[in-house]
Amino acid sequence: MSPVIAGGPVIPNYGKATGCIVDNNSFFCTKWIHQHWSDTLQPALVQHVWLTAIAVGIGFAIAFICALAAHRFNWLVPPISAFTAFLYTIPSIALFQVLVPITGITITTIEIGLVGYTLLVLFGNTLAGLRSVPPDVIEAARGMGLTRLQVLRRVEIPLALPAIGAGVRIAVVTTISLATVAAYITPYGLGKPIFDGLQINYHTEYVVAGLLAIGLALIADGLLVLAQRALTPWRRARA
Amino acid sequence: MAEGTRVILAAQLNGHTFIDAFKFIWEDRSFVGQKVLEHLALSAVSVAIATVIALPLGVWLGHVHRGSFIAINGSNLLRALPSLAVISIFLPALGIGHGVVVIALVVLGAPLILTNSYVAVDGVDPDVVEAARGMGLTARQILLRVELPLALPLIFAGIRTAAVYVVATATLAGVVGGGSLGDIIFNQATYFLSGIVGAAMLVSALAFAAYFFFALLERLLTPRGLRHAGAERGHEEEAPVVFEAAAT
């Protein structure tokens, strides 16, 4: 729990109002951050991580299966590409509002939207990665007696990893960004303190939440770069 | 929050919503038209600023084959920033209005233009540049007559993608001061679900229009001899996206 600060009236949800909490002049009221880290900021941050992880996880599973199918059956490429592109053109804030009558003000509403927006880049990049594998390499692997499934698992997917990784990076930062906007409809994640702060014009709340969202995006992106390097050691050796 | 009151109604969604959406656009056409124009103006200013900043820098870095770290990693870094978060950290300094939105849109668009211009110019076949130098062209002539024309398709791909993102994201202006179709999309209490669907369709349409506008401009500016050669060049590790549209 946040420490109680003596003096001043108690404003609901804003704790004991003293100094910069009342002034609202400072860019950064550390006292407010201190008071509301555990009840506002930290839960929002954790929710945001989960929203993003679930969306990219589900999106990746769907996109990966679709890309494998499209890699095997070429005729699937145009319809899947067109559908994912169509989903991507729907403005997110409108999509979330249209989904509310169907799925309610729930996490499901956010996730349906977020998953939909990840599909284009994840499908596109996974397919591009699989297609970029040189035919000679596949030929050689087949010649060594690998079955079709083994070629896919041991040759094609590993060689597609850089493109897949690039897609996941874009999907993650895009999802982090969209998830902030989603809070306008569904009060989860870092968008909630941003919109709450904007609504009552309390600087510190939306500035700090904005900084946390930026920090989260940068850290997530950085971690993905490291993960990608660890998963594709041969690229470093060549460079 | 500016005008939009944050009320989300559990409204009915059915076939009528979509018919009403078209009705809304038609019946309130002067208001909606004004919002479309504001949306376009906001987007155009942002894309113009992003281009003025990023294009010369990218082209120059590509020309001297330096600074790949800035052009690629720096861009990735900027591109990771959530637009709403960028708006919120600049808001106390700049106040409500178009300024913060333009900043967020430039942060969104400029990296795409920078990376693509850099990769485009940097990737021009060194033999071609060598041949041009052998023919006695100066560095300036090489840049203007050889590298830029060859790099044009990829440069335009960057501007086009940026424009589509910017048009889609300009909706966020509805949160801080207004002046875009976001005024409608962020205000369900006034315009109902049908108004939101109508405005959303217009945003999508504008994003497509921006895409085709820059595709056309690219065609007009590409020297005839290069039109087919340019189409075959890919963009490494970039999503092979057909309609790099919306989001936000």
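Reading guide: rules and limits
Residues numbered from 1 in each chain as written. Chains lettered and ligands numbered in written order. Predicted model: local features only at pLDDT ≥ 70, side-chain atom pairs only at ≥ 80, totals over all residues. Heavy atoms only, no water. Patch = residues over 30% accessible without salt bridge, like charges linked within 9 Å, V, L, I, M, F, W, Y side chains within 5 Å. Areas by Shrake-Rupley, 256 points an atom, 1.4 Å probe, with all protein chains shown as cover. Salt bridge = Lys/Arg side-chain N within 4 Å of Asp/Glu carboxyl O. Buried < 20%, exposed > 50% of the residue type's maximum accessible area, 1.4 Å probe, protein only. pLDDT = per-residue confidence, 0-100. Helix = DSSP H or I, 4+ residues; strand = E, 2+ residues; numbered from the N terminus. Axes fitted to C-alpha atoms, helices over the stretch in contact; angles between N-to-C directions. Left-handed = near helix turned anticlockwise from the far one by under 90°. Contact = heavy atoms within 4.5 Å. Nonpolar A, V, L, I, M, F, W, Y, C, P; charged D, E, K, R; others polar. Phe/Tyr/Trp six-rings, centres within 6.5 Å; stacked < 30°, edge-to-face > 60°. Lys NZ or Arg CZ within 6 Å of the ring centre and 35° of its normal. Polar contact = N/O pair within 3.5 Å; in protein donor to acceptor, adjacent residues only side chain to side chain.

Here we come to a nonpolar patch on the surface. A contiguous nonpolar patch, built from A:Val46, A:Trp50, A:Ile54, A:Ile58 and A:Ile62 and spanning about 450 Å² of accessible area, is present on the exposed surface. Accessibility expressed as a relative area gives 34% for A:Ile54, which makes it partly exposed.

Moving on, we get to the confidence of the model for chain B. Looking at chain B, pLDDT values average 84 and 86% of them are 70 or higher. Ranking the helices and strands of chain B by mean pLDDT puts helix H2 (residues 29-63) of chain B first, with 95, and helix H10 (residues 227-231) of chain B last, with 52.

Residues and elements named next belong to chain A. Here helix H2 (residues 30-72) crosses helix H7 (residues 148-182) at 140°, and the two axes come no closer than 9 Å. Classified by chirality, the crossing of H7 by H2 is right-handed. Where H2 approaches H7, its residues His-48, Leu-51, Thr-52, Ala-55, Val-56, Phe-60, Phe-64, Leu-68, His-71 and Arg-72 are matched on the opposing element by Arg-148, Leu-152, Glu-156, Ile-157, Ile-164, Val-168, Ala-171, Val-172, Thr-175, Ile-176, Ala-179 and Thr-180. Counted by class, the contact of H2 with H7 contains 14 nonpolar, five polar and three charged residues.

Per the stated rule, a full pass over the model turns up nine aromatic pairs over all chains. Ring geometry for A:Phe60 versus A:Phe64: centroids 5.4 Å apart, planes at 25°, classification stacked. Pair noted here: A:Phe60 and A:Phe64 are both in helix H2, with a separation of four residues, about one helical turn. A:Phe64 gets classed as buried once you look at its relative accessible area, which sits at 18%. Clustering of aromatic rings is evident, with ring pairs tying together A:Tyr184, A:Phe195 and B:Phe186. In this arrangement the basic side chain of B:Arg29 is found over the ring face of B:Trp26, its NZ or CZ atom lying 4.1 Å from the centre.

Further remarks concern the side chain of A:Thr204. All names here are of chain A. Locating Thr-204 in the fold gives a position in helix H9 (residues 203-231). With a relative accessible area of 1%, Thr-204 lands in the buried category. Among the polar contacts listed, one links the side chain of Thr-204 to the backbone nitrogen of Cys-29, at a separation of 3.1 Å.

Residue and element names in this part refer to chain A. Among the structural elements, Val-151 can be located in helix H7. Between the C-alpha atom of Val-151 and that of Ala-140, which follows or precedes it by eleven residues, the distance is 9.8 Å. The contacts of Val-151, once residues within four sequence positions are left out, are Ile-138, Ala-141, Arg-142, Leu-146 and Glu-156.

It is worth spelling out the confidence of the model for chain A at this point. Model confidence for chain A is summarised by a mean pLDDT of 87, while 88% of its residues fall at 70 or above. Counting contacts from residues 1-7 of chain A, a segment whose pLDDT is below 50, to residues more than four positions away or on other chains yields 15 contacts.

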